[in-house]
Amino acid sequence: LVESGDYTSAFARAKEVPAYVRDDPLLTTLKPRFTATYSVTSSPPGAEVFVRGYDAPQDKWQSLGRTPLQSVEVPRRVLRWRIEKPGFETVERATRSAEDRWGANVDLLKAAGASANSVGAPGAIDVTLAANGTQPPEMVLVPSGDSEDSISGVPLPTVEVPAFLIDRTEVTNRAFKEFVAAGGYERRTYWEGLDFVDESGRALSWEDATARFVDSTGRTGPATWELGDYPRGQDDFPVRGISWYEAVAYARFRDKALPTVFHWMRAALPRNETASSLAASILPQSNFGSQGPTAVGEHQGVGPYGTYDMFGNVREWLGNTGPKGGWVLGGAWEDPEYSYLSAVAAKLIERSPLSGMRLMRSTGTATSSEAQLREPIDLARPRRDVTARPVPDETFAAFAERFTYRPGELNAAGPVTMDTTDDWIKQRVTIDAGYSGERLDVVLFLPRHARPPYQPIVFFSGAQDVVLPQSIDTMEPGFAAVPLDYVVKSGRAFVYPSFQGTYARFRAPWDPSDQLRNERE
């Protein structure tokens, strides 16, 4: 069960082991791989703690007792937590399967440059419960801590992010209509200090800018509305079709602000999340690749501090501006899952139907770090120099040695045609992997406008293939951020193997703590 990644069943089976053999060396060795140990504390204490599997939101909550709880054992898996006490706002949490494993690897993490603040205590959940009426019920508290150091390969400065509140869900049509009804578009106080520019960068007056902020019938409101109102039945859908300027004005109306990229990332994912299992669990339960947005919170992709829909549904405006305007983040309903951390540049006046917002509020007085967090930032992925350069013969020999393999029969089955487009034929061939009797699928994209034999280009994918379970039906030449269809259009064959740990051979998301443990051992 452990080798197959079924830690929940392994945990249940281990509970059946009689007490007198629980010190068996094999069980002792295996237990850390399928068991997570948590401590849960709250202020005030006495809150009841419930838990259930992240991928099973329909399951009943299991009570673990009341805080403080010390060294509670649960299956090593991604978990949802619910901490509640009469008279206080209920707190939700989500933890990744690796959460309890950092403890054994703290020294390695610190040696790799992680700060003590970013590593945190292993398997520790500590919450501050807000008395009813003392905190906006639509917001959740994100504790202070270091910001993430990168986003989709773009380095970010590491800064201390003070504790803050952030909306549990995206702002809804119903909430935004209150702004419209209160004369938000007419009251200049909400728009003061904003430098309005059009798509070409030409300065606009407040009157000229707000005159553009109308719906499809010319009434004041988001671009996706009609006759000054949103579609019937979409009260709880995210408001969309708003510019950055409108988002800022609405935030001021609510005495809130747009989150910076640092606030947004801290609320969306745990620190040191890179390729960890929480994102892999959130994405399948988020609104991606669909026909349209849904009511906020309808999908069950909850973040580490209780936010919903940070990935998918609508892209969300950030408070930071950039070289070409502003940024939206998180992906929208029609985007592929892997775009969840791709920051998209957008003109500040752009009113895309894919873009909405969620808001934040600081919990204390403004600090110098707060001003630093809101400075303009460039989130565009840097271009890499991929120029090939000669190397000495001995270096080339070392490179070439990595590509040696044991020759043998492929025992190929197929091909099976999977799809046909104007540019290529997509086929699947199944071959021997060359080890352990395993077979692997190889997907071929063969050009329709060239004659064989084709020069093959073998593709080794990025992290998304080892983080997310996917079907080979979704394989394409490259992906949105790095399209590689030109390879096939140039007359070459694009060859996409399903390597161990990907597609049909996927068992569980790659866990960085396993790699650290193996290196330590």
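Residues numbered from 1 in each chain as written. Predicted model: local features only at pLDDT ≥ 70, side-chain atom pairs only at ≥ 80, totals over all residues. Heavy atoms only, no water.

Attention shifts here to the packing of helix α5 (residues 173-181) against helix α7 (residues 244-253). At a minimum axis separation of 10 Å, α5 and α7 run at an interaxial angle of 85 degrees. Looking at the two axes, α5 sits roughly perpendicular to α7. In contact with A175, F176, E178 and F179 of α5, α7 contributes E246, A249, Y250 and F253. In terms of residue class, the contact of α5 with α7 is made up of 6 nonpolar, no polar and 2 charged. (Axes fitted to C-alpha atoms, helices over the stretch in contact; angles between N-to-C directions. Helix = DSSP H or I, 4+ residues; strand = E, 2+ residues; numbered from the N terminus. Parallel < 35°, antiparallel > 145°, perpendicular 65-115°, else oblique. Contact = heavy atoms within 4.5 Å. Nonpolar A, V, L, I, M, F, W, Y, C, P; charged D, E, K, R; others polar.)

Summarising burial for strand β14 (residues 315-322): 7 of the 8 residues are buried, a large majority. Bridge count for β14 against strand β17 (residues 355-356) is 2 bridges, and the pairing is parallel. Paired with R315 across the two strands is S355, which belongs to β17. Counting the residues in the hairpin turn of β14 and strand β15 (residues 325-329) gives 2 residues. (Buried < 20%, exposed > 50% of the residue type's maximum accessible area, 1.4 Å probe, protein only. Pairing = 2+ DSSP bridges.)

Next up on the list: the pattern of salt bridges. Evaluation of the coordinates by the stated rule reveals 21 salt bridges. Across the pair R212 and E199 runs a salt bridge whose closest N-O atoms are separated by 3.2 Å. Separated by 13 residues along the polypeptide, R212 in the loop between α6 (206-211) and α7 and E199 in the loop between α5 and α6 bring together distant segments of the chain. Classification of R212 as partly exposed rests on a relative accessible area of 33%. For E199, a relative accessible area of 46% puts it in the partly exposed group. Between D485 and K489 there is a salt bridge, and its shortest N-O distance comes to 3.3 Å. With D485 and K489 both in helix α13 (residues 485-489) and 4 residues apart, this pair spans about one turn of that helix. We classify D485 as partly exposed; its relative accessible area is 26%. A cluster of three or more residues bridged by salt bridges with shared partners is formed by E138, D167 and K256. (Salt bridge = Lys/Arg side-chain N within 4 Å of Asp/Glu carboxyl O.)

Keep in mind these values describe shape, not function.
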